[in-house]
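Observations on the three-dimensional arrangement
Letter by letter, the chains look like this.
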Amino acid sequence: MDNDKHFNLIINIMIGLLVAAIIILLDHLAINIKSQPSDYNWQDSTESASAQKENAINDGMKKIEPGETTFLPILNFHHIGTAPQHADKISKSFYLEPKKFEALLKSLMDNGYHAVFASEAVSYLQTMQIPENKIMVITFDDGNEDFYTNAWPILQKYQVKSSMYIMTGVRGEDWLTEEQIKELDKFGLVEFGSHTVWHPKLTKATSEEIDSELANSKEFLEKLLNKQVNILAYPFGLYNEEIKNKTKSAGYISGLTFDQDAWQNPDDLFALTRISVYPELNVVKFLDELRNGK
Ligand SMILES: [Zn+2]
């Protein structure tokens, strides 16, 4: 055998080994792929369905044109629980029975709504890109204890994200404790924001009071959670131009109010509108009307 032939033989053997290795590798992959479905239980396939849904949301983005508003419902709740019997009509409107809350979440999901954090919604508005799929934000104000006992088990059951706005100065048995806030934050399904320290009407407060309410509540939550807190829900939804400017100067990226509307203006992140959910409101129908009414 001369050197050239010897060389060719070695090359052929090497190619042969390489092809064999590729076949073994492909076969192995095929076995793995084939064996996967039978390994899946229903929970895994639910997870994979929700992962697909997540991908679909990440993939399908649409542009928000400059100067246009965009449909992005931000729902607001106060109490999930049974209203005290002696409560007046207005106070009762802030309570939603847990069963009703669960039915509402289910019907929103059945109608294609996917909950995102308020911070995610703000980031869509900042970048002028929003998922094509229907998204919504579920917010709670005040930090009532019944969030932990009644709302949280339901939100956790359906893995629904929510955003909670805390009055950082108010403590006691009716309110979330610092431990509960930290525990909820660690779980990753609840995002916390500020609802000021003492829940004043900011439009009636002095300039100094506004500054300290905005700064101290932010600082309190940031220290407690060791992360940035940069969305504010105005107490009673009350704000004006001065309050908007001060909120921005205090380091917030957005301020939430109420206007029973779901169309958001990306040029006005310090006046994002929320829909206050009361027991008689047919939320899905109302959202459909708002969506089509434009
Ligand atoms: Zn409030």
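Preceding block: the structure.
Structural notes, computed from the coordinates. Here, residues in each chain are numbered from 1, in the same order as that chain's written sequence. Given that the model is predicted, a residue must reach a pLDDT of at least 70 before its local features are reported, and side-chain atom pairs must reach 80 or more before they are shown or counted; all residues, however, enter totals for whole chains, interfaces and linings.

**Brief notes about the overall build of the protein chain**
- What counts as a helix is a DSSP run of H or I of at least four residues, what counts as a strand is a run of E of at least two, and both are numbered from the N terminus. Tallying secondary structure elements over the protein chain gives ten helices and 14 strands in all.
- Here exposure depends only on C-beta density: within 10 Å of a residue's C-beta, 20 or more other C-beta atoms make it buried, 12 or fewer make it exposed, and intermediate numbers make it partly exposed, the C-beta atoms being placed from the backbone. For the protein chain, buried positions account for 30% of its 294 residues.
- Looking at the protein chain alone, contacts between residues at least 24 apart form 68% of all its contacts between residues at least 6 apart. Note that contacts rest on C-beta atoms placed from the backbone: two residues are in contact if these are within 7 Å.

**Overview of the pairing of strand E10 (residues 190-194)**
- Taking burial as the measure, the five residues of E10 include five buried ones, the bulk of the element.
- Burial along E10 is two-sided: Val190, Phe192 and Ser194 and Glu191 and Gly193, pointing in opposite directions, are all buried.
- In this analysis, strands are considered paired if DSSP registers two or more bridges between them. Bridge count between strand E9 (residues 162-166) and E10: five bridges; the pairing is parallel. Bridging from a neighbouring strand, serine 163 pairs with glutamate 191 of E10.
- For the crossover that starts at E9, traverses helix H7 (residues 178-187) and ends in the parallel E10, the hand is right-handed. Crossovers are described as right-handed under a simple rule: with the strands pointing away from the observer, the path leading from the first strand over the helix to the second runs clockwise.

**Things to note about the environment of lysine 134**
- Here lysine 134 shows up in the loop between strand E7 (129-131) and strand E8 (135-142).
- Taking the number of C-beta atoms within 10 Å as the measure of exposure, lysine 134 has 17 and is therefore partly exposed.
- Dropping the residues within four chain positions of it, lysine 134 is found in contact with Gly112, Tyr113 and His114.

**Structural notes on the environment of lysine 62**
- One can find lysine 62 in strand E1 (residues 61-63).
- For lysine 62, a count of 12 C-beta atoms within 10 Å translates into the label exposed.
- As a C-alpha pair, lysine 62 and asparagine 133 span 71 residues in sequence and 9.4 Å in three-dimensional space.
- With sequence-adjacent residues up to four places away left out, lysine 62 is seen in contact with Ile130 and Glu132.

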